[in-house]
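Read off the chains here:
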Amino acid sequence: MQLSNVLSLDCTKSAVPCSSKKRALELISEIAATHLDQNPQPLFECMLNREKLGTTGIGNGIAIPHGRISNSDHAIAVLIQCQQPIDFDAIDGQPIDLLFALLVPEEQCKEHLSTLASMAEKLGNKKICKQLRNATTDQELYDILIDEQ
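- Identification of the protein chain as Nitrogen regulatory protein from Photobacterium aquimaris is taken from an unreviewed UniProt entry.
- Check the Function (unreviewed entry) section of the UniProt entry for the protein chain; it says "Seems to have a role in regulating nitrogen assimilation."

Rendered as structure tokens:
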């Protein structure tokens, strides 16, 4: 699955004021819900339930919250650059400032896993992460991620 198929500019947000893990997931849910024309609460609950299984904070200031949604036929990604790092119970204990969220229809499990794996690999690239952290606009954030495909 190409990243540009799931991530759009209107789902890419820079310098987002975010105070907690819960608030970050709420913001992601609100952005995704607007794009999917859905209620944000089920999207929030699906990501929160996934977090209860184990943190999606993969370390180095990065989290990849994700979940499966039942009432959509296409996947959606949301990229948030936090204004200030937040506690996210990451595996390395460090606060996070980059969140790449992915919500995928239940029947697209294989695409879901491969997209998550490719995003984890991309966000493991220190050069890309530095560029994302230094981005000052939504467009710049989006371009960095899409151009690096």
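1. Side note on unusual backbone geometry
- Positive phi, normally seen in glycine, also occurs at Ala15, with a value near 50°.
- Structurally, Ala15 can be placed in strand S1 (residues 7-16).
- Residue class for Ala15 comes out partly exposed when judged on its relative accessible area of 37%.
- At Asp37, a position not held by glycine, the phi torsion is positive, near 55°.

Conventions we followed
- Residues numbered from 1 in each chain as written.
- Predicted model: local features only at pLDDT ≥ 70, side-chain atom pairs only at ≥ 80, totals over all residues.
- Heavy atoms only, no water.
- UniProt positions renumbered as here; feature names shortened; annotations may be inferred.
- Helix = DSSP H or I, 4+ residues; strand = E, 2+ residues; numbered from the N terminus.
- Buried < 20%, exposed > 50% of the residue type's maximum accessible area, 1.4 Å probe, protein only.

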